[in-house]
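Listed below, chain by chain, are the residues.
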Amino acid sequence: MAKRLDVSALGSDNARIKKVLTREAESLGYRKAGPPANVEAKCIHAREEATMSVAPMAAGLSTVRPPRRPVGPGAVEAVGWIGLYVALAALPLAAALIRPVPPARGVWIEFAVGLGFVALAMLGLQFALTARFRRIAAPYGLDTLLHFHRQAGLVAFGLALVHPLILFIAEPAFLAFLDPRAGLIRAGALWALLGCLVLVIGLTLWRQPIGMSYDWWRVTHGVLAFLVVFIGLVHVLRVGYYISVPWKQGMWVAVTGGAMLLLVHARLIKPLRLRRSPYRVTEVRPERGQSWTLALEPVGHGGMHFEAGQFAWLTLGSSPFALEQHPFSFASSAQRPRRLELTIKELGDFTSRIDRVAPGTTAFLEGPYGAFTLDPDAGGAVFIVGGVGVTPVMSILRTMLDTGDSRPAILIYGSPNWNEVIFREELAELEEELRLRVVHVLEHATVDWEGETGRIDEDLLCRHLPRDMPALEYFVCGPESMMDVVEPFLLERGVSLRRLNSERFNIA
Amino acid sequence: MQHLYTRRLVLAISTVLVLLTALFAWVRTAA
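Along each chain, numbering runs from 1 in the same order as the chain's sequence is written. Written order determines the labels here, with chains lettered from A and ligands numbered from 1. Reporting in this predicted model follows two pLDDT cut-offs: at least 70 for local features of residues, and 80 or more for side-chain atom pairs to be given and counted; totals over whole chains, interfaces and linings ignore these cut-offs and use all residues. Hydrogens and water are ignored here; the side-chain numbers use all heavy atoms of the structure.

A look at the overall build of chain B
Regarding its fold elements, chain B presents one helix and zero strands. Projecting the C-alpha coordinates of chain B onto the three principal axes gives extents of approximately 45 × 5 × 5 Å. For chain B, the residues scored as buried account for 39% of the 31 residues in total. In these tables, accessible area is a Shrake-Rupley quantity obtained with a 1.4 Å probe, and a residue counts as shielded only by the protein chains included in the view. When the accessible area of chain B is evaluated, it comes to approximately 1700 Å², of which 74% is carbon and sulfur surface. Put simply, DSSP H or I for four residues or longer makes a helix, DSSP E for two residues or longer makes a strand, and each gets a number counted from the N terminus. For each residue, the accessible area found with a 1.4 Å probe, counting protein chains only, is set against the maximum for its type, and the residue is called buried under 20%, exposed over 50%, and partly exposed in between.

See below:
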């Protein structure tokens, strides 16, 4: 999922940010690409060319063969949540079949009405997906959950539009619902519902081209979504064809109202709770690559206990209700909950102001979130990152150092040039202290550079990755164009999805 | 890649829901 600065970047700002990210991706040498063809053949070729200096590390990793992770409660939970989603989305259909049921109409009319029920149920469930419940997000990662929210929203939008279209075609008399002469309030509400739906989808798809800030989009999105579900609920109650008995009316009000309460919970209750656990900015430290590290200490509480690789939503200022809230990965060790550090790259409006944050500033953290974490049972780790995507990996490595973790790890790290390698010096020290090997990949190297150059591609990965790849845990974090190259490659090489941890910059 | 799987999952869930809706309409009118 994508947090750090990039996230915020895409999340927080406008089209400029996407250009910046694209530029960063290009500077790192990435391009959009499909899965590499004939991966194994390429790797065999690359292995033959691999230098001897690589072999010991690969050999060391290949000796670690932990048992494959069994299907545990996490996988069961993941499937369970999906089943619950389908069940809740289909709940109105089941309720409509319970007696008393009204006389049936034409099959197309019943189908259209059913689609309307499902659409409204899915729209209500949208609130649950974005309520940032750690329990729901845990099996998938919050970025995946938000991506699901986005895709499901498009489907619900489509179903909500098809619902009246089929009705109008099957029975033109239904057009009266949109006719002000037949009922001004009803027609006005339904036109408003349609307008809100179009706006909520349109602003989401084209926020950046029209230059809308992330923060205002977030507010607008919440208000419009609330209106859509509220008017949808009133529409169901007023039509009332399938809810002639009080318990059915109560079910609709309870389920849909509960969904809307989730929005209130996320936007009001959670910030209220955050007021009890503020932080103070103690240091704003410049890093390489136009990045800054923000150090925070808890004020009056024990800090935040997180797993290395996770992230939190940061709000700066005296109020947790501030409009600006952005997700960033922790860079510090998980063993130090009272000294939290976030490393942020200058990419957008919010992040470009980080250097002006004064020590002493109040901050609030909501979290931790994310599944970009090293399994205790994993035999080792392979990190493939680009740019500021190194941040969560630094948290994992620093934690490994603090806990005396001796598992082998390899970090393949793409940067624009040697001067912009974030954490360059500390990584060199960590190589001495951990069983870690760092492979720097520079897009623009000086003539005396003897390491890897260009972009992280399949040939480079073949040269440096150990052969028993599925036995290790893999972490990929960087620009989307890099991820689009690396993820298919790893999957084709036999890495299971459960062993592949990905975080994308753009989660908003 | 994980997002690709997410899209496929949403597509699969949507298909199931539309089929359930069709079943609902059939049950209602066939009764």
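Description of the overall build of chain A
Looking only at helices and strands, chain A features 15 helices and 12 strands. Here chain A, with 508 residues, has 56% of them falling under the buried criterion.

Notes on the nonpolar core
Among the buried residues, those of types Ala, Val, Leu, Ile, Met, Phe, Trp, Tyr and Cys that are joined through side-chain atoms within 4.5 Å form a nonpolar core. Judged by nonpolar contacts, the single largest core of 69 residues is most densely connected at Tyr85, Phe117, Met122, Phe127, Leu142 and Trp252 of chain A together with Leu17 of chain B. Counting residues per element, this core draws most heavily on helix α6 (residues 107-129) of chain A, at 14 residues. The contact definition used throughout considers only heavy atoms, calling two residues in contact when any of these lie within 4.5 Å. Here Phe127 of chain A is in contact with Ala225, Phe226, Val229, Ala259, Met260, Leu262 and Leu263 of chain A, once residues within four sequence places are set aside. Residues Ala312, Ala363, Ala381 and Leu436 of chain A belong to the second largest nonpolar core, which totals 50 residues.

Concerning the interface of chain A and chain B
Counting residues at the interface gives 38 residues for chain A, matched by 21 residues for chain B. Joining two parts hides part of their accessible area as seen by a 1.4 Å probe, and the buried area is that hidden amount summed over both. For the chain A and chain B pair, buried surface summed over both sides reaches about 2600 Å², with 77% attributable to carbon and sulfur atoms. Here, a salt bridge means any side-chain nitrogen of Lys or Arg that lies within 4 Å of a carboxyl oxygen of Asp or Glu. Connecting chain A to chain B are one salt bridge. The closest approach of N and O atoms between Arg28 of chain B and Glu110 of chain A, which form a salt bridge, is 3.8 Å. Contacts described as polar in this section are N or O atom pairs within 3.5 Å, which, within protein, must combine one atom able to donate a hydrogen with one able to accept it, while residues neighboring in sequence count only if both atoms come from side chains. Between chain A and chain B we count three residue pairs in polar contact (both at pLDDT 80 or more) in total. Those elements giving two or more residues to the side of chain A that touches chain B turn out to be α5 (73-97), α6, α8 (142-170), α15 (480-492) and β12 (500-504) of chain A. All residues other than Ala, Val, Leu, Ile, Met, Phe, Trp, Tyr, Cys, Pro, Asp, Glu, Lys and Arg, Gly among them, are scored as polar; the first ten of these are nonpolar and the last four charged. Broken down by class, the residue content of the side of chain A that touches chain B amounts to 27 nonpolar, six polar and five charged.

What about the pattern of salt bridges?
Two side chains with opposite charge may pair up if their charged atoms get near one another. Residue and element names in this part refer to chain A. A full pass over the atoms with the stated rule returns 20 salt bridges over all chains. Arg105 is paired through a salt bridge with Glu110; the nearest N and O atoms lie 3.3 Å apart. You can call Arg105 partly exposed: its relative accessible area is 25%. Glu110 sits in the buried class, given a relative accessible area of 0%. The structure contains a network of salt bridges with shared partners spanning Glu283, Arg285, Glu287, Arg339, Glu341, Arg398 and Glu426.

A word on the environment of Leu154 of chain A
All names here are of chain A. With respect to the helices and strands, Leu154 occurs in helix α8. Residues Leu154 and Leu427, 273 residues apart in the sequence, show an inter-C-alpha distance of 43 Å. Excluding anything up to four places from it in sequence, Leu154 contacts Ile201 and Leu205.

Here's the deal with the sheet that holds strand β9 (residues 436-442) of chain A
All names here are of chain A. Pairing between two strands requires that DSSP report at least two bridges joining them. Across the sheet, which stays open at both edges, the six strands sit in the order β10-β9-β8-β7-β11-β12 with parallel pairing between neighbours. Pairing within the sheet leaves two strands with one partner each, and these edge strands are β10 (452-453) and β12. With two bridges joining them, β9 and β10 adopt parallel strand pairing. In the strand pairing of β10, Val441 is matched with Glu452.

Thoughts on the packing of helix α10 (residues 214-239) of chain A against helix α11 (residues 246-274) of chain A
Residue and element names in this part refer to chain A. The geometry of α10 relative to α11 is characterised by a closest axis approach of 10 Å and an angle of 170° between their N-to-C directions. Comparing the axis directions of α10 and α11 gives the class roughly antiparallel. Touching Arg218, Val219, Gly222, Phe226, Val229, Phe230, Leu233, Val236 and Leu237 of α10 are Gln249, Trp252, Val253, Thr256, Met260, Leu263 and Arg267, all from α11. In this analysis, axes come from line fits to C-alpha atoms, helices being fitted only over the stretch in contact, and the angle between any two N-to-C directions falls in the range 0 to 180 degrees. Roughly parallel means an angle under 35 degrees; roughly antiparallel means over 145; roughly perpendicular covers 65 to 115; every other angle is labelled oblique.

Comments concerning the sheet that holds strand β3 (residues 311-316) of chain A
Residues and elements named next belong to chain A. Read from one edge of the open sheet, six strands run β4-β3-β6-β1-β2-β5, paired in antiparallel fashion. Strands with a single pairing partner mark the edges of an open sheet, and in this sheet they are β4 (326-329) and β5 (340-345). Each strand of the sheet is rotated relative to its neighbour by a mean of 40°, with strand direction disregarded. Where β3 and β4 come together, four bridges link them in antiparallel fashion. Bridge pairing in β4 places Ala312 opposite Phe328.

Some details on the pairing of strand β7 (residues 381-386) of chain A
Residues and elements named next belong to chain A. Most of β7 sits inside the fold, with six of its six residues counted as buried. Relative to strand β8 (residues 409-415), β7 runs parallel, the two sharing six bridges. Looking across to β8, one finds that Ile384 is bridged to Ile412. Handedness is read with the strands pointing away from the viewer; a crossover is right-handed when the path from the first strand over the helix to the second is clockwise. One crossover worth recording links β7 to the parallel β8 by way of helix α12 (residues 391-403), and it is right-handed. In terms of strand pairing, β7 meets strand β11 (residues 473-478) through five bridges, oriented parallel. In the sheet register, Val382 faces β11, and the bridge partner there is Tyr474.

Geometry only, nothing functional implied.
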